[in-house]
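Below, each chain spelled out in residue letters.
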Amino acid sequence: MLNIIFYFQVHQPYRLDHFNVLDIGKNRNLFDDKLNGLVMRKVAEKCYLPTNKLLLELIQQSEGRFKIAFSITGTAIEQFKLYSPETLDSFKRLVDTGCVELLGETYFHSLAFLYDTNEFLDQVAMHRDLMQKEFGYYTTTFRNTELIYQDRLSDLIYEVEGFKTIVTEGVDRILQWRTPLYAYKNYSKDINLLLKYYQLADDIAFRFSNRDWPEYPLTVEKFVSWIDHLTLGETSGKNLFLNLFMDYETFGEHQWASSGIFEFMRHFPSEVLKRPHLGFANPKDTTHLANYQQESLSFPEAVSWADEQRDLSAWLENGMQKNAIETLYELFSRIKQKGDPELLRIARLLSTSDHFYYMCSKYFQDGDVHKYFSPYDSPDQAYTYFITALAELEERIMG
Amino acid sequence: MKILMFTWEFPPLISGGLGMACYGMVKALLAQGIKIDLVLPTKELVYFPMREESDVDTLPVIFLDPLMHKEYSRHKFETINERLEYIGITSQPQSYFSLKEIRQYAASVKKHYWLSEVVTDEEQDLWDEMTTNLIGDEDLIRKVQEYTLRADRFARTLDYDLIHSHDWLTYPSGMLAKQISKKPLVVHIHATEFDRAGGPGDERVHKIEHAGMTYADKVIAVSKYTAQMIMSRYRIDTGKIRIIHNAFSLPVDTVLTQERIFKGPTVLFLGRVTLQKGPDYFLDVADRVLKVHPEARFIIAGTGDMSRHLLRKSAAMRLKNRFLFTGFLNRKQVESILRAADIYVLPSVSEPFGISPLEAMAFGITSIISKQSGVAEVVNHAFKIDYWDIDLWAETINHLIENPEKRIKMGIEGMQEVNRIQWDEAAEKIRHLYSTMLAEYIRRPKN
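Visitor: If you had to explain the overall build of chain A to someone new, which residues and values would you point to?
Guide: A tally of regular secondary structure across chain A gives 16 helices and nine strands. In summary, chain A has a C-alpha radius of gyration of 21 Å against a globular reference of 21 Å for 399 residues, a match within 12%. In chain A, which comprises 399 residues, the share counted as buried stands at 64%. With an accessible surface of roughly 15300 Å², chain A has 50% of that area assigned to carbon and sulfur atoms. Placing the 41 positive and 57 negative side-chain charges of chain A at their respective mean positions leaves the two points 3 Å apart.

Visitor: Tell me about the interface of chain B and chain A, and name the residues and values.
Guide: In this assembly, 22 residues from chain B lie in contact with 26 residues from chain A. Across the chain B/chain A interface, buried area totals approximately 2100 Å², and carbon plus sulfur atoms make up 56% of it. Along the contact surface separating chain B from chain A lie eight salt bridges. As a salt-bridge pair, Arg-308 of chain B and Asp-380 of chain A come within 3.1 Å of each other at their nearest N and O atoms. Counting the contacts that link chain B with chain A gives 12 residue pairs in polar contact (both at pLDDT 80 or more). Considering every element that reaches the side of chain B that touches chain A, the biggest residue donor is helix H13 (residues 307–316) of chain B, with five residues. Here the residues of the side of chain B that touches chain A sort into 11 nonpolar, four polar and seven charged.

Visitor: Describe the packing of aromatic side chains, listing the residues and the values that go with them.
Guide: Residue and element names in this part refer to chain A. Going through the model one piece at a time under the given rule, you end up with 52 aromatic pairs over all chains. Ring centres of Phe-223 and Trp-226 lie 6.1 Å apart, and the angle between their planes is 65°; on these two criteria the pair is classed as edge-to-face. A residue pair is termed a helical-turn pair when its members lie 3 or 4 positions apart in one helix, as Phe-223 and Trp-226 do in helix H9 (residues 220–230) at three residues. Trp-226 sits in the partly exposed class, given a relative accessible area of 23%. Between Arg-128 and the ring centre of Phe-163, over which it is positioned, the NZ or CZ distance is 4.2 Å. Residue placement shows Arg-178 over the ring face of Trp-177; its charged tip is 4.3 Å from the ring centre.

Visitor: Break down the sheet that holds strand S6 (residues 184–185) of chain A for me, citing the residues and quoting the values.
Guide: Residues and elements named next belong to chain A. The mixed open sheet is built from four strands, whose spatial order is S4-S5-S7-S6. Edge positions in the sheet fall to strand S4 (141–143) and S6, since each has one partner strand and no second. Across three bridges, the pairing between S4 and strand S5 (residues 165–169) is parallel. Across the sheet, residue Arg-143 finds its bridge partner in S5, namely Val-167.

Visitor: Run through the pattern of salt bridges, naming residues and quoting values.
Guide: Where charged atoms of side chains with opposite charge meet at close range, the side chains can pair. All names here are of chain A. A complete count under the given rule lists 62 salt bridges over all chains for this structure. Where Glu-119 meets Arg-348, a salt bridge forms, and the shortest distance between an N and an O atom there is 2.7 Å. One end of the pair, Glu-119, is in helix H5 (residues 117–135); the other, Arg-348, is in helix H13 (residues 341–350), and 229 residues separate them in sequence. Like Arg-348, Glu-119 is buried.

Visitor: Give me the lowdown on the side chain of Thr-388 of chain A, citing residues and values where you can.
Guide: Inspection of the secondary structure assignment puts Thr-388 of chain A in helix H16 (residues 379–398). The exposure class assigned to Thr-388 of chain A is buried, which follows from its relative accessible area of 0%. Among the polar contacts made by the side chain of Thr-388 of chain A, one reaches the main-chain carbonyl oxygen of Thr-384 of chain A at a distance of 2.5 Å. Beyond its immediate stretch of four places on either side in the chain, Thr-388 of chain A contacts Phe-19, Asn-20, Val-21 and Ile-24 of chain A together with Leu-324 and Phe-325 of chain B.

Visitor: So what's going on with the domain arrangement of chain A? Which residues, and what values?
Guide: Residue and element names in this part refer to chain A. Considered domain by domain, chain A is made up of domain 1 (2–289) and domain 2 (319–398). Between the C-alpha centres of domain 1 and domain 2 the distance comes to 24 Å. The partner domain 2 presents 29 residues to the 36 residues of domain 1 that form the contact. Interface area lost by domain 1 to domain 2 is led by Leu-16, Phe-108 and Tyr-115, which between them contribute 22%. Where domain 1 packs against domain 2, one counts five salt bridges. The set of elements that each furnish at least two residues to the side of domain 1 that touches domain 2 consists of helix H2 (74–83), helix H4 (112–115) and H5.

Visitor: I'd like a rundown of the environment of Ser-54 of chain B, residues and numbers included.
Guide: Residue and element names in this part refer to chain B. Counting through the fold element by element, Ser-54 comes out in the loop between strand S3 (46–50) and helix H2 (55–58). What makes Ser-54 partly exposed here is its relative accessible area of 39%. In this structure the C-alpha to C-alpha distance between Ser-54 and Thr-257, which are 203 residues apart in sequence, comes to 26 Å.

Visitor: Please give an account of the sheet that holds strand S12 (residues 343–346) of chain B that cites residues and values.
Guide: Residue and element names in this part refer to chain B. Read across the open sheet, the six strands follow the order S11-S10-S9-S12-S13-S14; overall the sheet is parallel. Here the strands that pair on one side only, and so sit at the sheet edges, are strand S11 (323–327) and strand S14 (383–385). Averaged over all adjacent pairs, the angle separating strand axes in this sheet is 20°, with direction ignored. As judged from the five bridges shared by strand S9 (residues 266–270) and strand S10 (residues 297–301), these two strands associate in the parallel manner. Counterpart to Thr-266 in the pairing with S10 is Arg-297. Against the sheet, helix H16 (residues 390–402) contacts S9, S10, S12, strand S13 (366–370) and S14, and its axis sits at roughly 175° relative to S13.

Visitor: Lay out unusual backbone geometry with the relevant residues and their values.
Guide: Cis peptide bonds are those with omega within 30 degrees of zero, and the linkage from Tyr-216 of chain A to Pro-217 of chain A qualifies with -5°. Phi at Asn-27 of chain A is positive, roughly 60°, even though this residue is not glycine. Tracing the chain through its elements places Asn-27 of chain A in the loop between strand S1 (2–10) and helix H1 (33–61). You can call Asn-27 of chain A exposed: its relative accessible area is 62%. The backbone of Arg-318 of chain B sits at a positive phi, close to 55°, despite the residue not being glycine. With respect to the element layout, Arg-318 of chain B can be found in the loop between H13 and S11. Judged by relative accessible area, Arg-318 of chain B falls into the partly exposed class, the value being 30%.

Visitor: A description of the pairing of strand S1 (residues 2–6) of chain B should follow, citing residues and the corresponding values.
Guide: Residue and element names in this part refer to chain B. Judged by how many residues are buried, S1 sits mostly within the fold: five of five residues are covered. On S1, burial covers both faces: Lys-2, Leu-4 and Phe-6 on one face and Ile-3 and Met-5 on the other are all buried. As paired elements, S1 and strand S2 (residues 35–39) share five bridges and run parallel to each other. Along S2, the bridge assignment pairs Lys-2 with Lys-35. Examined bridge by bridge, S1 and strand S5 (residues 162–166) share four bridges and lie parallel to one another. Looking at the pairing, Met-5 lines up with His-164 of S5.

Quick notes on the rules
- Throughout, a residue's number is its position along its own chain's written sequence, starting from 1.
- Here every chain gets a letter starting at A, and every ligand a number starting at 1, in the order they are written.
- Residue-level local features of this predicted model are given only where pLDDT is at least 70; pairs of side-chain atoms are given and counted only at 80 or more, and the full residue set underlies all totals for whole chains, interfaces and linings.
- The side-chain values count all of the structure's non-hydrogen atoms but skip hydrogen atoms and water molecules.
- Each helix is a run of DSSP H or I of at least 4 residues and each strand a run of E of at least 2, with the numbering of both proceeding from the N terminus.
- Only C-alpha atoms enter the radius of gyration; for comparison, a globular chain is expected to reach 2.2 Å times N to the power 0.38, where N is the number of residues.
- Relative accessibility decides the category of a residue: with a 1.4 Å probe and only protein chains considered, values under 20% of the type maximum give buried, values over 50% give exposed, and everything between is partly exposed.
- Accessibility throughout is a Shrake-Rupley quantity obtained with a 1.4 Å probe, and a residue counts as covered only by protein chains that appear here.
- A positive count includes Lys and Arg, and a negative count includes Asp and Glu. His and the chain ends are not counted in either.
- Charge positions are represented by NZ for Lys, CZ for Arg, CG for Asp and CD for Glu.
- Any two residues whose heavy atoms approach within 4.5 Å are treated as being in contact.
- The buried area of a pairing is the accessible area, by a 1.4 Å probe, that goes missing from both parts when the two are put together, added over both.
- Throughout this description, the term salt bridge denotes a Lys or Arg side-chain nitrogen within 4 Å of a carboxyl oxygen of Asp or Glu.
- Whenever a nitrogen or oxygen atom comes within 3.5 Å of another N or O atom, the pair is scored as a polar contact, on the condition that within protein one atom can donate a hydrogen and the other can accept it, and that pairs from neighbouring residues in sequence are kept only if both atoms are in side chains.
- Asp, Glu, Lys and Arg are counted as charged, while Ala, Val, Leu, Ile, Met, Phe, Trp, Tyr, Cys and Pro are counted as nonpolar; the rest, among them Gly, fall into the polar class.
- Only centres within 6.5 Å qualify two rings of Phe, Tyr or Trp (six-membered ring in Trp) as a pair; their planes then separate them into stacked at under 30 degrees, edge-to-face at over 60, and tilted for everything else.
- Charges are assigned to positions over rings by a cutoff of 6 Å between ring centre and Lys NZ or Arg CZ, combined with an angular limit of 35 degrees from the ring normal.
- A pair of strands is treated as paired once DSSP finds two or more bridges between them.
- Each domain's limits were defined by an automated method or a database of domain assignments.
- Between N-to-C directions, angles cover 0 to 180 degrees, with each direction set by a line fitted to C-alpha atoms, over the stretch in contact for helices.

Take a look at the structure:
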């Protein structure tokens, strides 16, 4: 049996305003509320609302056999409430079907894991509380920001009550000859690991509307036949897991409605469920579905799902990114000493990984992706606003 | 006395150092009863008839074409900027001619380059030098070409006693006007290509500078430093050169009271972020000072071709949020940043004059200026250091951070000193030069 595990990342950052040195000390709002509202309403209209509606219909039509998982960040939930409350309601209706798993992550979609363990654990706890409060859901599967993972993450998450599974990227340099279709264990065999099958996931997320791709157009029949093919290698009855992880904004935002992405999704579950050896599962189901001794995998270096390199270079490669993040985490410790909740809140909103992504200056193919997602003209501009905002934050700490 | 003046900058829209200098100078000349027709790189064919002191702020406009002027007079404008937009002048003057127009115009101007009676071989050489070097397709060169082509119309239509051109961008226009009208020409050196480039620079610009200075009847240098530069680098006849230092007058509505942005000591670099201004020395100095005084903040106010390099280098040096960039600032914003600063630095590699330190000193900011600057000749209450002596810059800044009383005292003394450096005095010298030139012109031998 091959179980398709869909997990969709739902996230919106609080984008920083064009913050200038002359704005410092004036108690000005650091964030571009207008832009943030605009983006949220646009994405809700193009992606969240129509896709939620479609997925709800598909779950109902499949009588519970179609399953999906979401990871929804705290900053996204907050902005749903501010700018698109109907979106939050539609997610709640989806969770109420019982076919939707919610994953745990850092509330602020941050890189705190790499810089400040206590802050990381705080943000994980905040997110779990939020999921309980908003959806009445207790999370048991964890995904770190941008699927960043390394052995130490499993140690930390194992210590947090209730987490059994972590999802991450199926990076070739770790898997080598292995397939990401099996459920694995972390290096110490304490935590269940699920690895993204990036070839097929990226066919939907990145290549779907690319006319230069030889497989264009991607039809449901073609895609399901590829999936079918994957089951041929497994003859001893072991359960396989096809982990299709992607940004939720793939639907209608990265791949526009005119590309046919919604039609693809509409027909996908029924095509899969025609075949008795294919089905859908949630990440949490894998702990009991894994009917074999799970091999353990060690990740000595951090991996992620970003760019060709699948490492940290999208956020932490150039001097601007490093200077910005190091300065931010220095301020964190000073704010915590001072115990000012308002400043802590600002520092946390600045810890969202997107701010560092905008400063990425790798100008080849992946740089274009960064540019597409950035609200700023250049990485230098993104850095200038950010580092100036950190000067403002520091002045407030001293004030 | 009526002057035809060509310049590339004039506030409020283009207010670099050249623009600010022209503003102060024109205003003071008007106060002396001199009339000036000002020609700027505008889109429309207009000039600015300056008759009274207040004209420098209201900028009256006349279209060369009477019909267009009639049309313009019927317009009601809310603000001066709206009016300036109508005549097409922006902070970065865009191309104001189509290529076709240039070709047609070039034909008529060529007539004057070539068909007019060229007196001597030397003179012919200067024309060749200017015209052959005013060829190119880069943005700036092209704009200067266009500006020059139009100078012909102004030179012919307007009535004037003398021509005054500021910096190489307008030397070709000055030359053309002199050729057409046979009136005397004075060129004003605010900076040479050696200063701007911080090295050899563009050969063509040097040639145009040389042609302009040689063709002119008199050359004004803004400092001794600049006079030495044009004698040694351009071999200009010493007898033609007059040194007239720039001055500085604060706009009347300027608010000087300090208004801090940062709690810690604030060190300011204000100006174009280009090699000439030495921003990379500022960065190295900041790095050294921050090791001793991590509470200080260093601000780069302005933009330029080195901005990105500096931004990335400051990040790579991990100067945290202690080295900040304001980007481009308008006039009011410049005043705000000046009111927030404790120490001003001008680490220029080569600065013919440098008005911005005078402005900083007028705000009572303790200033440290490069010895390689003209402004160092006119102020005493400022530290003067060789631009390359990074250790001494850092030591001086540390000393000023550690001794606030001394810093404040020096700031106040500097303020008093700068208040005495007024444009009236410089304008008086310029007026005197004009009179001498006119007398020589009237008494010139006829041939």
